[in-house]
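# Notes for the structure review
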Amino acid sequence: MSHTPRYRFAPSPTGFFHVGGARTALYNWALAQREGGVFVLRIEDTDESRNSPEWTNGIIDALAWLGIDSSSSQFEGPYFQSDNASKHVAAAHRLYELGHAYWCDLTPEQIQERAKAAGKQGYDGYSRDRGLEPGPGRVLRFRVPEGTTVVRDLVRGDVEFDNTTIEDFVLLRGNGSPMFLLANVVDDIDMNITNVVRAEEHLPNTPKQQLLWQALGHEPPVWAHVPVLVNEQRKKLSKRRDKVALEQYKDEGILAEAMVNYLMTLGWAPHGDTEIVPWSTIVEQFRLEDVNHSPAFFDVKKLQAFNGEYIRALSLPQFINACSPWLMAEDVSWNASQFKPKVFAAVAELIQTRVVMLSEVSTMVDFLFLDAPIVDEQAFTKTFTADFARPMLEHCRDAYATINWTHEDLKAHLDALAEELQVKLGKLQAPLRVAITGRTIGPPLFESLEVLGREQTLRRIDAALLRTV
Ligand code: GLU
């Protein structure tokens, strides 16, 4: 067996790349990096009815986005399980020749009838000693030995399985095709895998797979089954109920570094008092032995909070650059010719402190590029019902026509007015903000006005006053 630790990530390309898969991949990558080992990517594409090349590309792109660099000397693959089909079949025949497997001709109905008659579930080993030869429709079953199987798991400790609870499972179907359990083990052996780190849902299969490793004459790998991810209701994350596709988060403007850091903290925590740590610290500190057994809550709010921290840690040019895809997207409300990079650059710092996702940026700044703001009617009704709204806007209209156009002076004027009217500045600002930006939340108001300019500001106040008559 190889002395270099060999980890692997073995996704099935049957759908969008799941955040749980991303975490498993990162766990493997972190360990391979720390231990000077290898990360093998194997695409388990043998379920033809559910596979598509599009999902395979999605996996490769997602790994690259997460920083799992396929050009690294520690990365190997991708390998495709389907390329190994003949090895899977050959291994099954070898097991038969070694006496670890036997042919069985019972139909599922017959198996059920026998189980019913015996008052037990599952297959009862009926064909074990019948000495059947291979034949059409016959399946090849593994002869589970007596005793107990102890799975040494770095996360869960020793997990013991009584072999009487493991039925003689199928290796080759009636049509000769290999079962997934076998293919998975044969590939791991073939690729000299030393460490299998995967989702907890595979644990029930592990004793069967360990028996296969042994029957094929190999020392089983070091196992680790990492806890499932659950939603707020503590239910396992599901495609139908929850937002699980990594790509959706990427599209919303979660930064890769934030996603990576957050995923690593699901079931594990870096030492020290902050969970926000660079990848190099994670690689240094991550141990499977420290991973929690209990399900990990995938908390979107916490992910966003992480992202906010990462956004704020960017330099201003990095932030402007990172926003670019969202500012150039097709769904922005302005025309490409209306967008002014300089205007965006002037407010970027104010935006950077306020967003947790880059997808929020375009609606925060659209008022700067449009001829008139997109007015949120609800916000308008709510803020303009205040009895001070109209007189305040009229007051601003007059004063702002001649005031020195700096955010300090613009604010000082409203401060004085708040004092005079005995209204809090925030309350007074609300109708002005809606008049100018169309919304109740956004970047700091007076700085925004300064960037927007006197003429546009006055025009928008006039428009709002007309709306309120
Ligand atoms: N292809 C399996 C899956 O995507 C992974 C099996 C394994 O990691 O051993 O669930």
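Our subject is the structure listed above.
Anyway, here's the lowdown on the structure attached to this text. (Residues numbered from 1 in each chain as written. Predicted model: local features only at pLDDT ≥ 70, side-chain atom pairs only at ≥ 80, totals over all residues. Heavy atoms only, no water.)

## Considerations on the nonpolar core
Of all hydrophobic cores here, the largest spans 56 residues; its most connected members are Phe319, Phe344, Val365, Tyr400, Leu414 and Leu432. Aside from chain neighbours lying at most four places away, what touches phenylalanine 319 is Ile311, Leu314, Phe344, Ala348, Ile351, Gln352, Val355, Leu358 and Val361. One finds Tyr7, Ala30, Leu263 and Phe298 within the second-largest nonpolar core, a separate group that totals 50 residues. (Core = buried A, V, L, I, M, F, W, Y, C linked by side-chain atoms within 4.5 Å. Buried < 20%, exposed > 50% of the residue type's maximum accessible area, 1.4 Å probe, protein only. Contact = heavy atoms within 4.5 Å.)

## What to know about empty space enclosed by the protein
Here the structure, examined in full by the defined rule, presents one cavity of 30 Å³ or more. In this structure, the largest cavity spans a volume of roughly 30 Å³. Here the lining of the largest cavity gets four residues from one element, more than from any other, and that element is helix H13 (residues 361-369). For the lining of the largest cavity, the residue count by class is four nonpolar, three polar and two charged. (1 Å grid on protein atoms, 1.4 Å probe; cavity = no way out; pocket = protein on both sides within 12 Å on 5 of 7 lines; lining within 4 Å. Points joined across faces, edges and corners; volume = space filled by probe spheres on them. Helix = DSSP H or I, 4+ residues; strand = E, 2+ residues; numbered from the N terminus. Nonpolar A, V, L, I, M, F, W, Y, C, P; charged D, E, K, R; others polar.)

## Structural notes on the site of the ligand
Neighbouring residues of the ligand: Arg8, Ala10, Pro11, Ser12, Glu44, Phe180, Asn184, Arg198 and His202. Contact distances for the ligand include 2.7 Å between a nitrogen atom and a backbone N or O atom of alanine 10. In isolation the ligand exposes 290 Å². Once the protein is present, 82% of that is buried. Structurally, the ligand is housed in the largest pocket. (Near = heavy atom within 4 Å. Polar contact = N/O pair within 3.5 Å; in protein donor to acceptor, adjacent residues only side chain to side chain. Areas by Shrake-Rupley, 256 points an atom, 1.4 Å probe, with all protein chains shown as cover. Sits in = over half its atoms within 2 Å of the grid points.)

## Regarding unusual backbone geometry
A cis amide bond links glycine 77 with the next residue in sequence, proline 78, at an omega value of 5°. Along the chain, proline 78 falls in strand E3 (residues 75-80). Phi at asparagine 192 is positive, roughly 55°, even though this residue is not glycine. Note that asparagine 192 resides in the loop between helix H5 (180-190) and strand E9 (195-199). Judged by its relative accessible area of 39%, asparagine 192 falls in the partly exposed class. Located in the positive-phi region is glutamine 422, a residue other than glycine, with phi close to 60°.

## A look at the sheet that holds strand E4 (residues 101-104)
Strands sit in the order E4-E5-E8 across an open sheet of three strands; the sheet is antiparallel. With one partner strand each, in any of the chains shown, E4 and strand E8 (170-172) form the two edges of the open sheet. For this sheet the average axis-to-axis angle between neighbouring strands, irrespective of direction, equals 40°. For E4 and strand E5 (residues 139-142), the ladder comprises four bridges, and the chain directions are antiparallel. (Pairing = 2+ DSSP bridges. Axes fitted to C-alpha atoms, helices over the stretch in contact; angles between N-to-C directions.)

## Remarks on the pairing of E9
The buried fraction of E9 is high, at four of five residues. Where E9 and strand E10 (residues 222-226) come together, five bridges link them in parallel fashion. Directly across from valine 196, in E10, lies its bridge partner tryptophan 223. Handedness of the β-α-β unit built from E9, helix H6 (residues 206-215) and E10 comes out right-handed. (Right-handed = clockwise from strand over helix to strand, strands pointing away.)

## Here's the deal with the layout of surface pockets
Looking at the largest pocket, its volume works out to about 1400 Å³. Lining the largest pocket are 50 residues, and of these Pro11, Ser12, Thr14, Glu201 and His202 lie nearest its centre. Every element with two or more residues in the lining of the largest pocket is listed here: strand E1 (6-9), helix H1 (19-34), helix H3 (85-97), H5 and E9. The greatest single-element share of the lining of the largest pocket, amounting to five residues, is contributed by H1. A breakdown of the residues in the lining of the largest pocket according to their chemical character gives 20 nonpolar, 17 polar and 13 charged. Volume-wise, the second largest pocket comes out at about 260 Å³. Taken together, 14 residues make up the lining of the second largest pocket; nearest its centre are Asn163, Thr164, Ile166, Glu167 and Asp168.

Treat this as a map of the structure, not an account of what it does.
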